[in-house]
Amino acid sequence: MATMSESIPQGSLRTRAGWATVKTLLSYGVLFLLALTFIYPFLLAIATSFKSLPEINQFPVSLIPKEISLEGYQRLLTFNVPRWTLNSALVAVFVTLGNLLFASLGGYALARIRFPGSKAVFLGILGTMMIPGIVLLIPMFIVLKMLGFVDTYAGLIVPKLITAFSIFLMKQFFESVPRELEEAARIDGATPLQIFARVVLPTAKPALVALIIFSFQGAWNDFMHPLIVITVNQQLFTLPLGLALLRGGMGQNLQWNSLMAGSMLTTLPMAIIFFIFQRYFIEGISYSGIKG
Amino acid sequence: MTVATGVRGEDRQNAIAGWLFMTPTLLIFSVFIIIPIIAAVYFSMTNWNGISPPAEANFIGLDNYKAILTEPGIRQTDFFTALKNTTYFALGVVPMQTILSLLLAVVVNQSLLRFKSFFRTTYYFPSITSSVAISLMFLFFYQKSGLVNQVLGTLTFGAWEPIAWMADPRGLIHIVLSWFGLTIQTAPDFLTQTDLFGVTLWSWISGPSVALTGIMIMNTWTTIGTMMIIFLAALQDIPNFVYEASQIDGASPWTQFRRITLPMLRPTMFFVVTLGLIGTYQVFDQIYVMSSGGPAKTTLTIAYLVYRNGFNNSQMGLGAAIAIVLFIIIFALTMIQRRITGSEADN
């Protein structure tokens, strides 16, 4: 009996170690293969953007252009793409500034200031998060039309100056700031605005960076909102909107190098921001994700 | 006395500051969310065309709702075709993205694994990329001579017959049925003749078309990164001693996964599935760029139908009605799903 009970753990230990090695190898295999399916499409799109039209449809697809061709990028210039890029940047910057300002104010008020009706305001904002964006498509157009915001920068920017998501991000952050910080300032007779601007806001850097990233990303990549705001004035197109209509305008004769060049142009700024600030992306997502 | 007035003064100061701080938000939310929603309910009962002044629209009661829900005709057929397509889309994408992102999170979360941040970054990258850019890329890959067919050809040693993905309206279930000799010609009359809400039974059971499947695969590819990050955060919140304790009790990794990881992830699972449902029922950008609802309306989704009616066909009233029905559908789905999986998440 004694020998048996000793030999069983030993045997299971050996198989367990073997199993662990197999598992590790298998994990790496799967993860790298999958990583390839995430990276390869982007590499191929970059390569294609530098190919000439005849080379693009050659078989099999190749990651290295035989001859670097700027044809795709040059054609984009004839389509006002620089202006669209500028518009996208402009809209994204203003939307980001708006969210920074209004979400930190609102988030702080909801987290820390006891004011009558704060609970109702909070629930109201929570409620708007339940409304799917697509449901607002037509109503938003109606309001924009009534305000004369159709085909204007104001129409692109103003409705996006604050989102419920930004408010929640900041509210959650401010709730984690120790109250003692504010108490000291309050005893010294500081007003809520002073406490907010001088004491609390300087501690909020990580949250503000996350907010900058998400607001900029949202505005830069947004397609549906510009689509309904800009109806005729091509001078006001943003990059995604311009690209989509470029594709539509080509009909059956798609010039892939230009389409891929445009896609890469749209992706590049986000990619740069992402690689610099990826820690904040990941933190922001998990932060907002859990509480949902 | 002084203390009391001091407190009262502070209360007033707080009230003023609180409302002042909220003013920009409340203003923007009222004008661009609250008022539009109320306006939408009203305009869904009008025949406004989107071009003439809104005040000139005629009130027509529930006619728009009847047209899409109960009156036989093209509008009913379109709505239920879109509902069918969107539902197939959600039924495919939501389980795929939830299961794959959970598996990825569990694998990436292994404590001994190296290159963790490389994998995390790589999988997350598509989530930060513009939907239009990704749609154009996949449009390119899905061509007959494109990457996807070439990869499938290589994997099957040339047995794969290249298809033009985005031009292929055949339903997946129809394709499988055709292997057993069941086509629209040979199908029994009750399938091809019975009409349910303007769509034949045979059509209802088509499955997603090849074109829609292409978009579903792309959508899963784009979204699993975000969901993996959400799962990863939740996994890191499970205290290690739970696993250690169960290990001492002799639990296998599989038992641990089933008895510890899955139950502890339940609230997160609820959240991810909700996100997935809300997202898939609104799929729009990808449809607009890749297929415009075609071929043969097999990628027509409810969101795209809202847009098409409102902005291309000058039927804003009808579009608004469809949007409101979509809102009710999404709301109901979230509630049903909450009943099924989320009852513990609330505690």
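Overview of the structure. (Residues numbered from 1 in each chain as written. Chains lettered and ligands numbered in written order. Predicted model: local features only at pLDDT ≥ 70, side-chain atom pairs only at ≥ 80, totals over all residues. Heavy atoms only, no water.)

## Remarks on the pattern of salt bridges
Residues and elements named next belong to chain B.
1) Next: Within the structure shown, the criterion is met by 9 salt bridges over all chains.
2) Next: The salt bridge involving Lys-297 is made with Asp-78; its shortest N-O contact spans 2.9 Å. Of this pair, Lys-297 sits in the loop between α14 (285–290) and α15 (302–312) while Asp-78 is found in helix α3 (residues 74–108), placing the two residues 219 residues apart along the sequence.
3) Next: For Lys-297, a relative accessible area of 31% corresponds to the partly exposed category.
4) Next: Between Asp-78 and Arg-308 there is a salt bridge, and its shortest N-O distance comes to 3.0 Å. In this pair, Asp-78 sits in helix α3 while Arg-308 sits in helix α15, placing the two residues 230 residues apart along the sequence.
5) Next: Given the relative accessible area of 8%, Asp-78 is considered buried.
6) Next: Judged by its relative accessible area of 18%, Arg-308 is buried.
7) Next: Through salt bridges that share partners, Asp-78, Lys-297 and Arg-308 make up one connected network. (Salt bridge = Lys/Arg side-chain N within 4 Å of Asp/Glu carboxyl O. Helix = DSSP H or I, 4+ residues; strand = E, 2+ residues; numbered from the N terminus. Buried < 20%, exposed > 50% of the residue type's maximum accessible area, 1.4 Å probe, protein only.)

## Quick notes on the packing of aromatic side chains
1) Next: If you walk through the whole model with that rule in mind, you get 53 aromatic pairs over all chains.
2) Next: With 5.1 Å between their ring centres and 45 degrees between their planes, Tyr108(A) and Phe196(A) make a pair best called tilted. Separated by 88 residues along the polypeptide, Tyr108(A) in helix α4 (residues 81–112) and Phe196(A) in helix α10 (residues 192–200) bring together distant segments of the chain.
3) Next: When the ring of Phe115(A) is compared with that of Trp19(B), the centres are 5.6 Å apart and the planes differ by 75 degrees; the resulting orientation is edge-to-face. Taken together, the positions of Phe115(A) in the loop between α4 and α5 (118–129) and Trp19(B) in helix α1 (residues 2–43) put the pair across two chains. (Phe/Tyr/Trp six-rings, centres within 6.5 Å; stacked < 30°, edge-to-face > 60°.)

## Let's talk about the packing of helix α5 (residues 131–141) of chain B against helix α10 (residues 210–236) of chain B
All names here are of chain B.
1) Next: For the pair α5 and α10, interaxial distance at closest approach is 11 Å and the crossing angle is 135 degrees. Our classification of the angle between α5 and α10 gives oblique. The way α5 lies across α10 gives a crossing that is right-handed. In contact with Ile-134, Ser-135 and Phe-138 of α5, α10 contributes Met-218, Trp-221 and Thr-222.
2) Next: Its residues assigned to classes, the contact of α5 with α10 comprises 4 nonpolar, 2 polar and no charged. (Axes fitted to C-alpha atoms, helices over the stretch in contact; angles between N-to-C directions. Parallel < 35°, antiparallel > 145°, perpendicular 65-115°, else oblique. Left-handed = near helix turned anticlockwise from the far one by under 90°. Contact = heavy atoms within 4.5 Å. Nonpolar A, V, L, I, M, F, W, Y, C, P; charged D, E, K, R; others polar.)

## Describing α10(B)
Residue and element names in this part refer to chain B.
1) Next: With 27 residues, α10 should cover 39 Å at 1.5 Å per step; its first-to-last C-alpha distance of 39 Å lies within 8% of that length.
2) Next: Along its length, α10 shows its largest kink, about 35 degrees, at Thr-223.
3) Next: The buried fraction of α10 is high, at 24 of 27 residues. (Expected span 1.5 Å × (residues − 1). Bend = angle between axes of the 7 residues up to and from the residue.)

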